[in-house]
Number of protein chains: 2
Amino acid sequence: MKKTIISYALALAGSAWLLQYVQYTYNVRVLPTEAYVLIIALLFTALGIWAGRRLSGGAVTETFRRNQKALDYLGISNRELQVLELLGKGHSNQEIADRIFVSTNTVKTHLTHLYEKLEVNRRTQAVKKAHDLQLIP
Amino acid sequence: MKKTIISYALALAGSAWLLQYVQYTYNVRVLPTEAYVLIIALLFTALGIWAGRRLSGGAVTETFRRNQKALDYLGISNRELQVLELLGKGHSNQEIADRIFVSTNTVKTHLTHLYEKLEVNRRTQAVKKAHDLQLIP
DNA sequence: AGTGAAATCACCCCTTCGGGTGACGCATCG
DNA sequence: CGATGCGTCACCCGAAGGGGTGATTTCACT
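Here goes a summary of the coordinates provided. All residue numbers refer to positions counted from 1 along the written sequence of the respective chain. Each chain takes a letter, starting from A, and each ligand takes a number, starting from 1, following the order in which they are written. Local features are withheld for residues below a pLDDT of 70 in this predicted model, meaning they are given only at 70 or higher, and side-chain atom pairs are given and counted only at 80 or more; totals for whole chains, interfaces and linings count all residues. Hydrogens and waters are ignored; side-chain quantities use all the structure's heavy atoms.

## A look at the pattern of salt bridges
Okay, so step 1: Every case where a carboxyl oxygen of Asp or Glu lies within 4 Å of a side-chain nitrogen of Lys or Arg is listed as a salt bridge. As enumerated under the stated definition, the model contains eight salt bridges over all chains in all.
Okay, so step 2: For A:Arg122, the salt bridge identified is with B:Glu95, shortest N-O distance 2.8 Å. Residue A:Arg122 is located in the loop between helix 6 (104-118) and helix 7 (123-132), and its partner B:Glu95 is located in helix 5 (residues 93-100); the two belong to separate chains.
Okay, so step 3: On the basis of relative accessible area, A:Arg122 is assigned to the partly exposed category, the value being 23%.
Okay, so step 4: Between buried and exposed lies partly exposed: a residue is buried under 20% and exposed over 50% of the maximum accessible area for its type, with that area taken using a 1.4 Å probe on protein chains only. Overall, the relative accessible area of 26% leaves B:Glu95 in the partly exposed class.
Okay, so step 5: In this structure, the salt-bridge partner of B:Asp132 is B:Lys128, at a minimum N-O distance of 3.1 Å. Taken together, the positions of B:Asp132 and B:Lys128, both in helix 7 (residues 123-132) and four residues apart, correspond to about one turn of that helix.
Okay, so step 6: Judged by relative accessible area, B:Lys128 falls into the partly exposed class, the value being 32%. Starting at the N terminus, helices and strands are each numbered in turn, a helix being any DSSP run of H or I of at least four residues and a strand any DSSP run of E of at least two.

## Digging into the nonpolar core
Okay, so step 1: With 23 residues, the main nonpolar core has A:Ile76, A:Leu84, A:Leu118 and A:Leu135 as its most contacted residues.
Okay, so step 2: Listed by contribution, the elements that provide at least two residues to this core are helix 3 (68-74), helix 4 (78-88), helix 5 (93-100), helix 6 and helix 7 of chain A.
Okay, so step 3: The contact criterion used is simple: two residues touch if any of their non-hydrogen atoms lie within 4.5 Å. Discounting residues that sit within four places of it in the chain, A:Leu84 has contacts with A:Leu114, A:Leu118, A:Ala130, A:Leu135 and A:Ile136.
Okay, so step 4: Among buried residues, the Ala, Val, Leu, Ile, Met, Phe, Trp, Tyr and Cys ones that are joined through side-chain atoms within 4.5 Å form a nonpolar core. If you look at the next biggest cluster of nonpolar residues, it comprises 22 residues, including B:Leu81, B:Leu114, B:Tyr115 and B:Leu135.

## Things to note about the protein's contact with DNA strand C
Okay, so step 1: Neighbouring residues of DNA strand C: 16 residues in total, closest A:Ser77, A:Arg79, A:His110, B:Lys108 and B:Tyr115.
Okay, so step 2: When atoms of DNA strand C within 4 Å of the protein are split into backbone and base, the sugar-phosphate part holds 66%.
Okay, so step 3: Polar contacts, as counted here, are pairs of nitrogen or oxygen atoms within 3.5 Å of one another; within protein the pair requires one atom able to donate a hydrogen and one able to accept it, and residues that are adjacent in sequence qualify only if both atoms are side-chain atoms. Take B:Lys108: an N or O atom from its side chain is 2.6 Å from a base oxygen of DNA strand C.
Okay, so step 4: At a separation of 2.6 Å, a phosphate oxygen of DNA strand C approaches a polar side-chain atom of B:Tyr115.
Okay, so step 5: Counting only elements with at least two residues in the surface near DNA strand C, the list comes to helix 4 and helix 6 of chain A together with helix 6 (104-118) of chain B.
Okay, so step 6: Counting residues per element, the surface near DNA strand C draws most heavily on helix 6 of chain A, which supplies four residues.
Okay, so step 7: Residues were grouped as follows: Ala, Val, Leu, Ile, Met, Phe, Trp, Tyr, Cys and Pro as nonpolar; Asp, Glu, Lys and Arg as charged; and all remaining residues, including Gly, as polar. When grouped by side-chain class, the residues that make up the surface near DNA strand C number two nonpolar, ten polar and four charged. What makes a residue near a molecule or strand is one non-hydrogen atom of that residue sitting within 4 Å of it.

## Observations regarding the protein's contact with DNA strand D
Okay, so step 1: The environment of DNA strand D is formed by 17 residues, the closest being A:Lys108, A:Tyr115, A:Arg123, B:Ser77 and B:Arg79.
Okay, so step 2: For DNA strand D, the backbone makes up 62% of the atoms found within 4 Å of the protein, where backbone means sugar plus phosphate.
Okay, so step 3: The separation between a phosphate oxygen of DNA strand D and a polar side-chain atom of A:Tyr115 is 2.5 Å.
Okay, so step 4: In the model, a phosphate oxygen of DNA strand D is placed 3.2 Å from a nitrogen or oxygen of the B:Asn105 side chain.
Okay, so step 5: Sorting the residues of the surface near DNA strand D by element identifies helix 6 of chain A together with helix 4 (78-88) and helix 6 of chain B as the ones contributing at least two each.

## With respect to the side chain of A:His110
Okay, so step 1: By the element assignment, A:His110 lies in helix 6.
Okay, so step 2: Setting aside chain neighbours within four positions, we find A:His110 in contact with A:Arg79, A:Glu80 and A:Val83.

## Details of the packing of helix 4 of chain B against helix 6 of chain B
Residue and element names in this part refer to chain B.
Okay, so step 1: Two elements in contact, helix 4 and helix 6, have axes separated by 9 Å at closest approach and are oriented at 90 degrees. The angle between helix 4 and helix 6 falls in the class roughly perpendicular. Contacts from Arg-79, Glu-80, Val-83, Leu-84 and Leu-87 of helix 4 reach helix 6 at Val-107, His-110, Leu-111, His-113, Leu-114, Lys-117 and Leu-118.
Okay, so step 2: Its residues placed into classes, the contact of helix 4 with helix 6 shows seven nonpolar, two polar and three charged. Here the axes come from fitting lines to C-alpha atoms, over the contacting stretch only for helices, and the angles between their N-to-C directions go from 0 to 180 degrees. Orientation labels follow simple angle bins: below 35 degrees gives roughly parallel, above 145 gives roughly antiparallel, 65 to 115 gives roughly perpendicular, and whatever is left gives oblique.

## Some details on unusual backbone geometry
Okay, so step 1: Although it is not a glycine, A:Phe101 adopts a positive phi angle of roughly 60 degrees.
Okay, so step 2: Mapped onto the secondary structure, A:Phe101 falls in the loop between helix 5 and helix 6.

## Concerning the environment of B:Asn105
Okay, so step 1: Topologically, B:Asn105 is positioned in helix 6.
Okay, so step 2: Measuring from C-alpha to C-alpha, the distance between B:Asn105 and B:Asn93 comes to 8.7 Å, with twelve residues separating the pair along the chain.

## Describing the environment of B:Ala70
Residue and element names in this part refer to chain B.
Okay, so step 1: Considering the arrangement of structural elements, one finds Ala-70 in helix 3 (residues 68-74).
Okay, so step 2: The exposure class assigned to Ala-70 is buried, which follows from its relative accessible area of 12%.
Okay, so step 3: Taking the C-alpha atoms as reference points, Ala-70 and Gln-134, separated by 64 residues in sequence, lie 8.4 Å from one another.
Okay, so step 4: Discounting residues that sit within four places of it in the chain, Ala-70 has contacts with Leu-133 and Leu-135.

Printed below as a string of structure tokens:
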């Protein structure tokens, strides 16, 4: 992180210096201004892409966005989604039941429906599929 | 994609034009050359970051990199990792056993050890933790 | 007013999982 | 040589999960 910033600053300073050097040492403008602008622009675009990857690509700051379309398509209800979320956190049926104030039977019913809609037959598979479909983080 | 490229080209052309405009219309260089370089650099750095995100950020091409350090720290063996991977795919003990040609008892033993090392007591939690620790994709 | 989906709960039966214990062969390391 | 860790397998038991059926209430839509 710190290294990235320092490298970037050095690259920036170096480029500025290089431009000055070329312009003042040879005292000629071999290329029109547009060309310089283009070169600098391309150079720093590349640097920007690289810096962007280093700075934000590594740390996964990406916020979770639920795939509402898939949710609708599969016909998963609110309550079922709620159960699915707790499922994804690794809770047992009993824990889920306690957390949403229903009996384990109800949780089982919701899960059965979820398994049908997700076309799976185990909770682990349900979690995996829900995760792949971006239904849960 | 196409829109991104076009927008980018427009931004680039616009910036070049703006520079020309400022320089030739007022016929004065209110700022030293370094400042211009800096402005252009910063501008296109930002544009580069933005373009980078649009072009490659959307498609998650990010390849999975196993967290070897965590693996070593937790003392998870090769065989255990193999079981963990199949676990993460939502397989049952029987399926895992068939896939690696051992008995379900062996799978259970591996899992028991994994639960201890990952400090969990359910397969779903194990999958979640392994996923969080980047032990499995 | 009637239909249907969602949500709730119950009971049964069977499979799967998890925890505990014990055992054996094999390799590596001191 | 003995200790340690890994991989393998077995048996037991209780808890958890999964499949099936059936039932009630509530609420929205028609």
